[in-house]
Amino acid sequence: MASGTPDKKLEELGKSIVKDIEKGKNPTIEFSLRTLSNVVFDKKSRTLTLGEKSQKRTFFNVGHAKKFLQTIEIAKISKTLLEVKKHASLRDVFYMAKRTLPGSNTNIVDEQVESDNAIEDLELITQFTRERLNINANKMGSVAGDVVIEDSGDTINWGKLGSGGWSIPSNVEEIKFKSVKAKYIIYMEKQAVWERLHEDKFWEKQNCIIVTSQGQTTRGIRRLLQRLSSEFKLPIYVLADCDPYGYYIYSVLKFGSISLAHMTEELAIPDAKFLGVTTKDIEEYGLQKHFIKLKDVDISRIKQIADYDWFKNNKQWQEEFKRMRQFGAKVEIQALSSRGITFISDKYLPEKIKRMDFMD
Amino acid sequence: MDSETPIAYELAKKQKEISVAEFFTKNRHLLGFDNKRKALLMAIKEAVDNSLDACEEARILPEIYVEIIQLSESRYKVSIEDNGPGIVKKQIPNIFAKLLYGSKFHNLRQARGQQGIGISAAVLYSQLTTGRPAKITSRVSPKEPALYYELNIDTQNNKPIIAKEEIIEWKKNNGTKIELDLEAEYIKGKQSVDEYLKQTAVINPHITIVYTNPKAEQVIYAAATDKLPSEAKSIKPHPYGVELGMLMNLLKWTESRTIQSFLTSEFSRVGSGTAKEICNNASILPNTKSNDITRELAEKLLASMQSTKIIAPPTDCLSPIGEESLEKGLRKEIRSEFYCTKSRPPSVYRGNPFLIEVGVAYGGDIPKEEKITLLRFANRVPLLYQEGACGITNSLTETNWKPYGLQQSSGSMPIGPVVVIVHMASVWVPFTSESKEAIAHYPEIMKDVKLAIQDCGRQLGIYVNKKTRISQQLERANMFEKYIPEIADSLAFLSGDKKEKIVDGLNKMLVKPEIKKEIVQEDAEDDKIYRMEFKKNEEGESE
């Protein structure tokens with residue numbers, strides 16, 4: 001993604017702005033535009049990538065000045081972290097930047113979303129991920145399976161960590177995989193489902209890896225899945241609710257997202273497949289009695305997703321969206337529990353995987 | 001008691017005529033003399049109003065001397081002297097010592113006083129509280145001697161009692177002076193004599209007042225113009241403004257023989273055609289004798305007068321202050337940074353012509369965080385009491401001031417550094433009571449006040465908006481100055497260069513023209529939003 005080291009890159013940024021000032025030029029930072037209008041679906045790699053458009057941020061501009069100040073402030077914080085070889089969380093960085101300018105009632109940042117945005121901008125400017133800039137997000141997911149890794153000098157067996165499994169850190173770049181015996185990965189939207197499968201020793205029986213996040217998939221998990229997918233050629237199956245949000249989770253995992261389009265290369269998993277719950281499953285396993293009526297917002301979300309470039313010409317998916325709208329209802333994964341508490345690990349998943357019953 | 005005699009005969013022994021003067025002694029609050037503070041103000045106000053009316057009628061630029069001397073703790077002597085036309089010998093006792101005597105009541109003409117009750121009420125109050133007579137000096141011409149009177153009022157019969165009458169030496173060629181002793185209390189502040197005189201000076205930029213207060217401090221309110229207001233013509237009543245009692249009175253005193261000639265000669269805007277139409281509508285023959293009109297017929301006649309289509313009364317009976325003079329008056333007494341004034345064209349309520357004038361002063365010495373100050377005037381007289389009951393106040397609070405750059409919670413007085421003057425000129429100002437303190441809520445009047453306020457408000461809004469913009473620009477320049485040390489600090493850390501060098505470089509750029517342009521932006525967008533706000537404010541209220 002980038003050349004040189006992060007601290008060199010930050011120094012270059014500083015030097016180029018100082019050069020502007022010496023020349024009497026309005027200090028300017030230029031980087032890729034991070035909006036929908038500048039995101040393209042690359043048909044060849046089947047992922048979302050950033051387009052050619054770039055934006056200029058100048059200091060002497062009433063609309064830009066504050067953001068300029070914030071960006072430079074975050075750059076300074078990042079360089080400090082790199083120098084002392086420490087990592088800070090997004091929240092830490094917010095508090096490090098939050099202070100009042102002398103002789104005024106203006107804060108450099110008022111809300112965490114401002115420093116978060118500045119961090120994402122800095123990723124685009126330096127071409128390094130925030131983890132490489134020593135800024136991490138919170139840990140948000142669990143993994144279990146027959147895998148041995150090395151992390152910060154410790155050897156860890158994902159199969160021997162009790163009921164909680166291994167919690168996935170924000171930065172998985174430095175992890176070394178010592179042995180990977182599993183044959184495939186199931187990524188699931190719900191923590192509760194993961195706990196069910198873990199208790200049932202599903203990963204042991206099926207020789208697979210089970211991974212979960214809470215809600216939206218974090219960057220660390222996406223990167224971990226991507227590494228397992230590309231380094232060990234493990235197939236990845238997504239298990240989500242049968243609802244527009246489930247489709248969206250799958251879409252982001254597979255193709256990338258708008259806000260992180262600049263990192264698609266490191267995050268997208270074009271080989272991921274959708275395991276369920278599908279509308280066909282609803283009919284096959286008789287889940288109609290657990291229908292939840294679609295809200296207006298759900299319907300408009302389906303329309304929106306159906307219109308994505310990467311779904312537009314996919315007959316199978318268009319058929320899926322159409323069926324959900326015909327049902328006028330959605331279903332949660334946990335509806336499977338109505339057929340018995342271990343139905344999902346004993347019957348549903350083994351059957352689907354055996355049949356290779358996936359959507360792509 | 002003899003049961004043969006009805007009780008009414010017994011009661012009749014106690015029933016007798018009450019004189020107006022006697023009525024007043026018991027109901028002095030009706031005329032504004034309810035307490036000692038207000039009494040002082042009312043006595044001076046009545047005398048000054050009369051002086052100003054007299055001077056203007058004689059086309060003399062008024063110069064008024066007002067003096068208050070404290071005699072004892074609650075006793076004061078007031079003295080008001082003018083350079084007016086003076087009063088002829090025969091009339092002096094009646095004008096000052098007979099209630100309801102005056103030239104104005106039967107006349108429809110814009111004047112300060114209207115019922116002829118004011119100054120004699122002050123004389124009566126003085127007599128009631130101190131027992132001292134009113135002292136009057138008057139001279140009509142250098143060729144005639146100055147007359148001096150001491151007058152009391154016979155309260156039983158509402159007649160003047162002349163206590164003293166003599167010819168004296170007087171330095172003045174013409175003019176009138178009145179001296180009264182009265183129970184009173186002198187205060188400063190919102191409803192004081194000081195405030196009344198100051199406001200009088202604002203609304204009458206052509207007058208000079210020399211005022212000496214009880215502390216022997218002298219204030220001179222100098223004239224700001226030597227232009228007298230145009231002479232107000234008297235008009236006959238308009239048929240729409242007449243009530244039954246007045247109509248019957250007019251019928252009784254008229255010299256016209258027939259009802260048709262009565263209508264054409266006693267009313268404005270009634271020609272023979274209109275007179276016939278009124279008669280037709282009332283089913284009365286036009287040649288019916290005026291004396292033959294009974295109460296029932298008069299009622300019919302009145303109904304017909306009010307339903308027949310008649311053109312509006314003439315408006316040359318009004319004498320507005322004018323936008324230019326009003327602004328001069330404002331500038332003279334209220335120190336601020338922005339002034340604007342609006343004189344509306346004449347309108348009519350219930351057959352009475354009137355016109356509204358509004359002036360607005362903004363900023364300067366006027367306090368910023370307080371409710372705005374409203375100064376109300378009727379025929380150039382300040383109204384100091386009963387602000388809440390006045391139609392003018394309602395018009396002001398019902399106007400949305402937010403687009404004009406002031407804070408306001410809906411339906412209440414806006415907040416900001418503003419003084420608003422509202423003047424109503426009319427041949428008959430509809431006061432809510434005889435003490436003439438609040439104007440009644442006629443929709444026609446309230447609408448015109450609002451329109452005039454909106455007119456000034458628009459100009460005010462443009463000014464306030466511009467001012468805000470300039471302060472925003474300053475804020476922006478300030479913002480960059482605050483950011484520079486922070487940015488320089490971070491950049492020095494990132495690049496390894498010296499902070500001072502970076503600060504210097506950035507500060508130098510701050511004064512460059514292309515960067516200045518960024519700070520001093522032409523906010524075309526602001527103006528657009530602002531105009532849209534105005535449109536909203538006026539929808540449904542425009543003429």
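Residues numbered from 1 in each chain as written. Chains lettered and ligands numbered in written order. Predicted model: local features only at pLDDT ≥ 70, side-chain atom pairs only at ≥ 80, totals over all residues.

### Some remarks on the overall build of chain B
Move 1: Along chain B, the regular secondary structure elements total 16 helices and 14 strands.
Move 2: Relative to its 543 residues, chain B shows a buried fraction of 42%.
Move 3: Contacts in chain B between residues at least 24 apart in sequence constitute 71% of all its contacts with a sequence separation of at least 6. (Helix = DSSP H or I, 4+ residues; strand = E, 2+ residues; numbered from the N terminus. Buried ≥ 20, exposed ≤ 12 C-beta atoms within 10 Å, placed from the backbone. Contact = placed C-beta atoms within 7 Å.)

### With respect to the overall build of chain A
Move 1: Helix and strand counts for chain A come out as 14 helices and 17 strands.
Move 2: Here chain A, with 360 residues, has 41% of them falling under the buried criterion.
Move 3: Of the contacts made within chain A by residues no fewer than 6 positions apart, 71% connect residues no fewer than 24 positions apart.

### Observations regarding the interface of chain A and chain B
Note on interface size: it is often stated as the accessible area lost on association of the parts.
Move 1: On the side of chain B, 20 residues touch chain A, which itself brings 26 residues to the contact.
Move 2: Taken together, the elements giving at least two residues each to the side of chain A that touches chain B come down to helix H1 (6-22) and helix H2 (65-84) of chain A.
Move 3: Of the residues forming the side of chain A that touches chain B, the biggest block, nine residues, is contributed by H1 of chain A.
Move 4: By residue class, the composition of the side of chain A that touches chain B is 13 nonpolar, seven polar and six charged. (Nonpolar A, V, L, I, M, F, W, Y, C, P; charged D, E, K, R; others polar.)

### Notes on the environment of Leu330 of chain B
Residues and elements named next belong to chain B.
Move 1: One can find Leu330 in helix H11 (residues 323-333).
Move 2: For Leu330, a count of 24 C-beta atoms within 10 Å corresponds to the buried category.
Move 3: For the pair Leu330 and Val360, spaced 30 residues apart in the sequence, the C-alpha separation amounts to 8.3 Å.
Move 4: Leave out the neighbours within four places in its chain, and Leu330 touches Val202, Tyr339, Gly359, Ala361 and Ile421.

### A closer look at the sheet that holds strand S8 (residues 147-151) of chain A
Residue and element names in this part refer to chain A.
Move 1: Strand order in the open sheet made by the three strands is S9-S8-S11, with antiparallel pairing throughout. Only two strands of the sheet have a single neighbouring strand rather than two, namely strand S9 (154-157) and strand S11 (176-180). Between one strand axis and the next, the sheet turns through 20° on average, direction left out of account.
Move 2: In this sheet, S9 lies alongside S8 in antiparallel orientation, the contact comprising four bridges. Following the sheet pairing, Glu150 is matched in S9 by Thr155. (Pairing = 2+ DSSP bridges. Axes fitted to C-alpha atoms, helices over the stretch in contact; angles between N-to-C directions.)

### Thoughts on helix H14 (residues 343-355) of chain A
Residues separated by three or four positions in an α-helix point in the same direction, a consequence of the helix having 3.6 residues per turn.
Residues and elements named next belong to chain A.
Move 1: When the terminal C-alpha atoms of H14 are compared, their 17 Å separation across 13 residues agrees well with the 18 Å that a helix rising 1.5 Å per residue should span.
Move 2: Helix geometry: H14 is bent most strongly at Leu349, by close to 25°, with proline Pro350 lying one to four residues after it.
Move 3: Where H14 is concerned, the buried positions are Ile344, Ser345, Tyr348 and Leu349.
Move 4: Those residues of H14 that are buried are in contact with helix H5 (191-199) and helix H6 (202-206).
Move 5: Immediately downstream of H14, the backbone of Met356 shows phi near 55°, a positive value. (Expected span 1.5 Å × (residues − 1). Bend = angle between axes of the 7 residues up to and from the residue.)

### Structural notes on the nonpolar core
Move 1: Core analysis: the largest hydrophobic core is formed by 103 residues, its most contacted members being Ala43, Ile44 and Val123 of chain B.
Move 2: Looking at this core element by element, the count peaks at eleven residues for helix H3 (residues 36-57) of chain B.
Move 3: Discounting chain neighbours no more than four positions away, the residues touching Ala43 of chain B are Val78, Ala122, Tyr125, Leu180 and Leu182 of chain B.
Move 4: Formed by 58 residues, the second largest nonpolar core is a distinct cluster that contains Trp158, Leu225, Phe255 and Leu287 of chain A. (Core = buried A, V, L, I, M, F, W, Y, C linked by C-beta atoms within 7 Å.)

### Details of the sheet that holds strand S5 (residues 159-168) of chain B
All names here are of chain B.
Move 1: Taken together, the eight strands give an open sheet; going across it, the order is S5-S4-S3-S6-S2-S1-S7-S8, and neighbouring strands pair in mixed fashion. Of all the strands in the sheet, just S5 and strand S8 (218-221) have a single pairing partner and so form its edges. Looking at each pair of strands side by side, their axes are set apart by 15° on average, direction ignored.
Move 2: Where strand S1 (residues 63-72) and strand S7 (residues 208-212) come together, five bridges link them in parallel fashion. Across the sheet, residue Tyr65 finds its bridge partner in S7, namely Val210.

### Topic: unusual backbone geometry
Move 1: Here the residue pair Gly276 of chain A and Val277 of chain A is connected by a cis peptide bond, since its omega of 0° sits within 30 degrees of zero.
Move 2: Here Val277 of chain A shows up in the loop between strand S15 (273-276) and helix H10 (279-284).
Move 3: Despite not being glycine, Arg269 of chain B shows a phi value in the positive range, around 65°.
Move 4: Looking at the secondary structure, you find Arg269 of chain B in the loop between helix H8 (259-266) and helix H9 (272-281).
Move 5: Residue Arg269 of chain B is classed as partly exposed on the basis of its 16 C-beta neighbours within 10 Å.

### Observations regarding the packing of H2 of chain A against helix H4 (residues 112-126) of chain A
Residues and elements named next belong to chain A.
Move 1: Here H2 crosses H4 at 75°, and the two axes come no closer than 9 Å. In this view, H2 runs roughly perpendicular relative to H4, as classed from their interaxial angle. Taken together, the residues of H4 that come into contact with H2 (itself represented by Gln70, Thr71, Ile74, Ala75 and Ser78) are Glu114, Ser115, Ala118, Ile119, Asp121 and Leu122.
Move 2: Class assignment of the residues belonging to the contact of H2 with H4 gives a composition of five nonpolar, four polar and two charged. (Parallel < 35°, antiparallel > 145°, perpendicular 65-115°, else oblique.)

### Points about the pairing of strand S12 (residues 373-378) of chain B
Residues and elements named next belong to chain B.
Move 1: In terms of strand pairing, S12 meets strand S14 (residues 418-426) through six bridges, oriented parallel. Bridge assignment links Leu375 to a residue of S14, and that residue is Ile421.
Move 2: Where S12 meets strand S13 (residues 381-383), three bridges bridge the pair, whose relative direction is antiparallel. Across the sheet, Arg376 pairs through a bridge with Leu383, a residue of S13.

### Looking at the pairing of strand S4 (residues 146-154) of chain B
Residue and element names in this part refer to chain B.
Move 1: Pairing analysis gives five bridges linking strand S3 (residues 134-139) to S4, with the strands arranged antiparallel. Bridge assignment links Thr137 to a residue of S4, and that residue is Tyr148.
Move 2: A loop of six residues connects S3 with S4, the two strands running antiparallel in sequence.
Move 3: Sheet analysis places S4 next to S5, joined by nine bridges and oriented antiparallel. Counterpart to Leu147 in the pairing with S5 is Ile167.
Move 4: A loop of four residues connects S4 with S5, the two strands running antiparallel in sequence, and Asn158 in this loop sits at a positive phi of about 50°.

### Section: the packing of helix H13 (residues 443-495) of chain B against helix H14 (residues 499-510) of chain B
Residue and element names in this part refer to chain B.
Move 1: Two numbers describe how H13 lies on H14: the axes approach to 9 Å, and their chain directions differ by 145°. Pair H13 / H14 crosses with right-handed handedness. The residues of H14 that touch H13, namely those facing Phe480, Ile484, Pro485, Ile487, Ala488, Asp489, Leu491 and Ala492, are Lys499, Ile502, Val503, Leu506, Asn507 and Leu510.
Move 2: A per-class count over the contact of H13 with H14 returns eleven nonpolar, one polar and two charged. (Left-handed = near helix turned anticlockwise from the far one by under 90°.)

### Observations concerning H1 of chain A
Move 1: Here H1 of chain A is 17 residues long and its end C-alpha atoms lie 25 Å apart, about the 24 Å a rise of 1.5 Å per residue gives.
Move 2: Elements in contact with the buried residues of H1 of chain A: strand S1 (28-32), H2 and H4 of chain A together with H13 and H14 of chain B.
Move 3: Phi turns positive, to about 75°, at Gly24 of chain A, one or two residues after H1 of chain A.

Treat this as a map of the structure, not an account of what it does.
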